[in-house]
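Chains, contacts and geometry: an overview
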Amino acid sequence: MINVLIAEDDFRVAQIHEEFLAKNKQMKLVGKATNAKETFQKLKAHSVDLLLLDVYMPDQLGTELLHSLRSDYPEVDIIMITAAKEKSFLEKALKYGIQDYLIKPVTMEKFHEALENYSQKRRTLHSASEVDQEVLDTYFGSKKKIAEKKNDLPPGIDYLTLNKISKLLANETDGITSEGVGEKIGASRTTARRYLEYLVGIDEATIEQVYGIVGRPERRYCLKK
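Along the polypeptide, Ser-119 turns up in helix α5 (residues 108-127). The class of Ser-119 is buried, set by a relative accessible area of 1%. Discounting chain neighbours no more than four positions away, the residues touching Ser-119 are Ile-2, Gln-26 and Met-27.

Written as structure tokens, this is what we have:
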């Protein structure tokens with residue numbers, strides 16, 4: 001069970017967040033604070049895992065609390081939920097290692113997505129006896145991004161082959177023909193060209209017509225910089 005504290009000066013918004021939390025069986029609300037002073041009082045009185053912190057509070061900005069929170073309660077994770085859109089607030093929050101930053105009004109779907117992502121990160125760390133790259137990829141979402149990228153590919157385009165060709169292009173500063181790619185990866189010219197044209201189509205590669213010694217044009221592919 002994850003113990004959650006809501007720090008929100010608007011009681012109506014706090015009530016909405018409480019109702020959202022009630023739908024998540026992994027979360028338990030242990031308190032609500034309406035200002036900075038109450039936030040620290042609640043943190044002292046309760047065992048808190050996650051703090052849902054507003055920026056605009058009557059006695060102090062939520063971002064101004066981050067230094068003290070990290071100093072006094074380093075084990076408490078923080079998700080900012082605020083109407084503040086100033087870039088400076090986000091930059092400061094990121095420097096203090098917040099878990100997420102949500103802009104009001106927050107939909108129930110977005111709220112639950114943020115909580116689920118946070119819960120997944122906790123499970124990943126708690127279940128790992130040691131840290132390896134697989135754990136890190138899961139924690140930082142790299143696995144999910146790769147899976148999504150794989151699923152987005154059209155028929156006839158394999159992710160591993162596409163990745164191999166992309167890396168090959170990155171090393172060919174003068175460009176390379178489809179025939180050259182096919183020779184290097186052990187595939188036919190037609191197959192290599194299909195992948196190269198796909199990379200051009202998604203704007204990750206460019207084509208240049210180069211004329212050889214006998215005047216025969218060649219299509220050379222380069223990774224887009």
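What follows continues from the structure just given.
A separate point is α5. Compared with the 28 Å implied by 1.5 Å per residue over 20 residues, the 28 Å span of α5 between its first and last C-alpha is a close match. If you check which residues of α5 are buried, you get Phe-111, Ala-114, Leu-115, Tyr-118, Ser-119, Arg-122 and Thr-124.

Right, let's talk about the environment of Ala-36 for a bit. Mapped onto the fold, Ala-36 is located in helix α2 (residues 36-45). Overall, the relative accessible area of 2% leaves Ala-36 in the buried class. Residues Ala-36 and Leu-65, spaced 29 residues apart in sequence, show a C-alpha to C-alpha distance of 7.5 Å.

A separate point is helix α10 (residues 189-201). Here α10 contains 13 residues, and its C-alpha end-to-end distance of 18 Å stays within 8% of the 18 Å for a straight helix at 1.5 Å per residue. If you check which residues of α10 are buried, you get Ala-192, Tyr-195, Leu-196 and Leu-199. The arc that holds every buried residue of α10, seen down its axis, measures 100 degrees, which confines them to one face. For α10, the exposed residues set more than 90 degrees away from the buried face come down to Thr-190 and Gly-201. The inward-facing, buried residues of α10 contact α8 (159-171), β6 (176-177), α9 (178-185), β7 (205-211) and β8 (217-223). Just beyond α10, the residue with positive phi is Asp-203, at close to 65 degrees.

What counts and what doesn't
Residues numbered from 1 in each chain as written. Predicted model: local features only at pLDDT ≥ 70, side-chain atom pairs only at ≥ 80, totals over all residues. Heavy atoms only, no water. Helix = DSSP H or I, 4+ residues; strand = E, 2+ residues; numbered from the N terminus. Buried < 20%, exposed > 50% of the residue type's maximum accessible area, 1.4 Å probe, protein only. Contact = heavy atoms within 4.5 Å. Expected span 1.5 Å × (residues − 1). Arc of directions from axis to C-beta.

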